[in-house]
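For reference, the chains in residue letters:
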Amino acid sequence: MNAITPEQLKARNRGRWTLVALFGLFFGAVALAGLLRFSGWEPAAHRNTGQMIEPHLDVRALPPTLASGQPYPWKSETQVWRILVAPAPGCAVECVTLSQDLAKVWQLFGHRADNVEILWLGTPPAEVQGLPALRALQPQPELRAVLPGVDDVAGTPVYVVDPNGFVLMRYAPGFELAGLRKDMATLLKLK
């Protein structure tokens, strides 16, 4: 029978402790990730800026009509995301600023801008009527009435509608444009 020398015993024990440390490190990281995930924590870079509407609001039964009188289908052949604005009657200076800001956001989408339309429920300000992405819609009280927080006293909110006709997010009046751009950029990548 071979006797184990003290050096061999130390090497074996060191190897075992290294293996135990690796197992502890791996399973500790998995446990920490699970704890963070199920506690609801999310890194700031992965959070939406807009308020997620849960459950998503299905507006497919309320297809809008373009200002020209033609129906506007929620579901189209191309995957088009929409930024929906439903201002209150009499919205003046605030709506001009909002429309110009949305035009800037749309232009920042670059090559993905063709996949985004800005829907304006009612008559849009003259300053943005030449914007290629703008779709002026006839006033539709039924659609406006189902939008959450549409009559916010602070101003006009903005909504994001997916390519199938579901309202996913709401941006409170005075929202950060960079946040809308970031959220929409993320959604456009899902396409």
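In what follows, the accompanying structure is described. Each chain has its residues counted from 1, following the order in which its sequence is written. Side-chain atom pairs in this predicted model are given and counted only at pLDDT of 80 or more, local residue features only at pLDDT of at least 70, and totals for whole chains, interfaces and linings cover all residues. Side-chain measures here rest on the full set of heavy atoms in the structure, leaving out hydrogens and waters.

1. Some details on the state of the cysteines
- When the sulfur atoms of two cysteines come within 2.5 Å, that pair is taken as a disulfide. Counted by the stated rule, this structure contains one disulfide.
- The disulfide partner of Cys-91 is Cys-95, and the S-S distance across this bridge is 1.7 Å. Between Cys-91 and Cys-95, the disulfide has an S-S torsion of 110 degrees and is therefore right-handed.
- Burial classification: accessible surface area is computed with a 1.4 Å probe over protein chains only, and a residue below 20% of its type maximum counts as buried, one above 50% as exposed, and the rest as partly exposed. For Cys-95, a relative accessible area of 2% puts it in the buried group.

2. Quick word on the pattern of salt bridges
- Here, a salt bridge means any Lys or Arg side-chain nitrogen found within 4 Å of an Asp or Glu carboxyl oxygen. The tally for this structure, following the rule as stated, stands at five salt bridges.
- Across the pair Arg-144 and Asp-151 runs a salt bridge, and its minimum N-O distance is 2.8 Å.
- A relative accessible area of 56% places Asp-151 in the exposed class.
- Measuring nitrogen to oxygen at the nearest pair gives 3.0 Å for the salt bridge that ties Arg-170 to Asp-152. Note that Arg-170 is positioned in strand S6 (residues 166-171) and Asp-152 in the loop between helix H3 (141-146) and strand S5 (158-161), a separation of 18 residues in sequence. Strands are runs of DSSP state E lasting at least 2 residues, helices are runs of H or I lasting at least 4, and numbering of each runs from the N terminus.

3. Some points on the packing of aromatic side chains
- For Phe, Tyr and Trp, rings pair up if their centres lie within 6.5 Å, where Trp contributes its six-membered ring, and each pair is then called stacked (planes under 30 degrees apart), edge-to-face (over 60) or tilted (otherwise). This model, assessed by the stated rule, comprises four aromatic pairs.
- Residues Tyr-72 and Trp-74 carry aromatic rings whose centres are separated by 6.0 Å and whose planes lie at 85 degrees to one another, so their mutual orientation is edge-to-face. By the burial criterion, Tyr-72 is buried, and Trp-74 matches it.
- An aromatic cluster is defined as three or more aromatic residues linked by ring pairs; in this entry it consists of Phe-23, Phe-26 and Phe-27.

4. Some details on helix H1 (residues 6-38)
- With 33 residues, H1 extends 47 Å from end C-alpha to end C-alpha; this agrees with the ideal 48 Å at 1.5 Å per step.
- Residue Gly-40 follows H1 closely and has a positive phi angle near 95 degrees. Expected span of a helix, by definition, is 1.5 Å for each gap between consecutive residues, and there is one gap fewer than residues.

5. Points about the nonpolar core
- For the purposes of this section, nonpolar cores are sets of buried Ala, Val, Leu, Ile, Met, Phe, Trp, Tyr and Cys residues that join through side-chain atoms within 4.5 Å. In this structure, Ile-83, Leu-102, Trp-106, Phe-109, Val-160, Leu-180 and Met-184 are the most contacted members of the largest nonpolar core, which totals 28 residues.
- Looking at this core element by element, the count peaks at six residues for helix H2 (residues 93-108).
- The contact rule is simple, with two residues in contact once any of their heavy atoms fall within 4.5 Å. Excluding its chain neighbours within four sequence positions, the residues that come into contact with Val-160 are Trp-81, Arg-82, Phe-166, Val-167, Leu-168, Met-169, Tyr-171, Leu-180, Met-184 and Leu-187.
- Of all hydrophobic cores here, the second largest spans 17 residues; its members include Trp-74, Leu-143, Leu-147 and Tyr-159.

6. A short note on the sheet that holds S5
- Here a strand pair is declared whenever DSSP counts at least two bridges between the two strands. Here six strands make up an open sheet; going across it, the order is S1-S6-S5-S2-S3-S4 and the pairing mixed. The sheet terminates laterally at strand S1 (51-58) and strand S4 (134-137), the two strands that pair on one side only. For this sheet, the mean inter-axis angle between neighbouring strands, taken without regard to orientation, is 25 degrees.
- Bridge count between S5 and S6: four bridges; the pairing is antiparallel. Within S6, the position partnered with Val-158 by the bridge is Tyr-171.
- Packing of H2 onto the sheet brings it into contact with strand S2 (81-85), strand S3 (116-121) and S5, and relative to S3 it is tilted by some 170 degrees. A fitted line through C-alpha atoms serves as each axis, taken over the contacting stretch for helices, and the angle formed by two N-to-C directions is quoted from 0 to 180°.

Functional significance is not addressed by these values, which are geometric in nature.
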